Amino acid sequence: MKKLSTAAITAVLAIILITCSKSSATSEQEIIANNQESISKAEVNASQLETELLDMINEHRASIGVDALKASSEVYPFAEDHNSYMIAQNKLSHDNFESRAAQITVRTDAIRIAENVARHYSSAQLALSGWLESSDHKGTLEGNYTHTALSVVLDKEGRPYFTQIFMLVE
């Protein structure tokens with residue numbers, strides 16, 4: 001039984017590594033440059049941004065015939081912690097994704113996990129547009145997933161960091 005569990009986790013981790021979306025440093029620099037002015041002019045409400053963005057993502061998924069994602073309060077702390085990590089590192093990353101995904105798998109029985117990350121978007125519309133303009137992020141956002149956890153955390157300058165975790169739970 002233990003060998004079967006180990007094999008299952010290994011298989012899930014292999015799938016996870018394939019599905020993890022990444023962004024290039026160049027595109028991140030463009031995003032920061034394009035959004036810096038609007039960030040400094042707007043007061044960002046992280047909780048409101050989470051709600052708006054998840055609603056917009058589910059509207060987009062519905063528009064292409066894909067089921068809406070159910071919010072997972074159980075996985076939310078993983079997304080929130082990753083935002084705090086990125087803020088501390090002052091960089092956008094998928095660092096420690098394999099560990100995060102393995103822990104989520106154990107807690108949720110998810111059979112596939114992926115994530116999208118972003119930073120410095122001042123509105124839900126800008127964040128969604130940024131993800132949809134990236135083929136990797138768009139593929140994850142539109143993919144075969146059933147549940148999600150979407151966290152937005154502000155750094156000390158009030159700039160938002162986004163982590164959205166996607167899960168397929170059967």
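The rules behind these values
Residues numbered from 1 in each chain as written. Predicted model: local features only at pLDDT ≥ 70, side-chain atom pairs only at ≥ 80, totals over all residues. Heavy atoms only, no water. Pairing = 2+ DSSP bridges. Helix = DSSP H or I, 4+ residues; strand = E, 2+ residues; numbered from the N terminus. Contact = heavy atoms within 4.5 Å. Axes fitted to C-alpha atoms, helices over the stretch in contact; angles between N-to-C directions. Parallel < 35°, antiparallel > 145°, perpendicular 65-115°, else oblique. Left-handed = near helix turned anticlockwise from the far one by under 90°. Nonpolar A, V, L, I, M, F, W, Y, C, P; charged D, E, K, R; others polar. pLDDT = per-residue confidence, 0-100. Phe/Tyr/Trp six-rings, centres within 6.5 Å; stacked < 30°, edge-to-face > 60°. Buried < 20%, exposed > 50% of the residue type's maximum accessible area, 1.4 Å probe, protein only. Lys NZ or Arg CZ within 6 Å of the ring centre and 35° of its normal.

As annotated in an unreviewed UniProt entry, the chain carries the name Cysteine-rich secretory protein family protein and comes from Flagellimonas meridianipacifica.

Attention now moves to the sheet that holds strand β3 (residues 147-154). Strand pairing in a sheet relies on backbone hydrogen bonds. The paired strands run either parallel or antiparallel. Read across the sheet, four strands follow the order β1-β3-β4-β2 without closing on themselves; strand pairing throughout is mixed. Edge strands, defined here as strands with exactly one partner in the open sheet, are β1 (70-71) and β2 (110-119). Across nine bridges, β2 lies against strand β4 (residues 160-169) in antiparallel orientation. Counted as the bridge partner of Ala 118 is Phe 162 from β4. Sitting on the sheet, helix α5 (residues 97-108) touches β2 and β4, and the angle it makes with β2 is about 135 degrees.

Another point: the packing of helix α3 (residues 46-63) against helix α6 (residues 124-133). Two elements in contact, α3 and α6, have axes whose closest approach is 9 Å; the angle formed by their N-to-C orientations is 45 degrees. By the angle between their axes, α3 is oblique relative to α6. Viewed along their axes, α3 and α6 form a crossing whose handedness is right-handed. Of the residues in α6, those in contact with Leu 49, Glu 52, Leu 53, Met 56, Ile 57 and His 60 of α3 are Ala 124, Gln 125, Ala 127, Leu 128, Trp 131 and Leu 132. Each residue belonging to the contact of α3 with α6 can be placed in one class, and the counts come to nine nonpolar, two polar and one charged.

Counting through the fold element by element, Val 66 comes out in the loop between α3 and β1. Sequence separation between Val 66 and Asn 144 is 78 residues, and the spatial gap between their C-alpha atoms is 8.0 Å. Dropping the residues within four chain positions of it, Val 66 is found in contact with Arg 61, Glu 142 and Gly 143.

Here we take up the confidence of the model for the chain. When pLDDT is averaged along the chain, the result is 84, and 75% of the positions lie at 70 or above. Residue range residues 1-26 is modelled with pLDDT below 50. Its contacts to residues more than four positions away, or to other chains, number 31 contacts. Note that residues 36-41 has pLDDT below 50 and, in this model, nine contacts with residues that lie over four places away or in other chains.

Here we take up the packing of aromatic side chains. This structure, assessed with the given rule, holds three aromatic pairs. With 6.3 Å between their ring centres and 65 degrees between their planes, Tyr 121 and Phe 162 make a pair best called edge-to-face. Highlighted residues: Tyr 121 in the loop between β2 and α6 and Phe 162 in strand β4, separated in sequence by 41 residues. The buried category is assigned to Tyr 121, whose relative accessible area is 5%. For Phe 162, a relative accessible area of 0% corresponds to the buried category. Site record: aromatic cluster; members linked through ring pairs are Tyr 121, Trp 131 and Phe 162. Positioned above the aromatic ring of Tyr 145, the side-chain terminus of Arg 112 is 5.1 Å from the ring centre.

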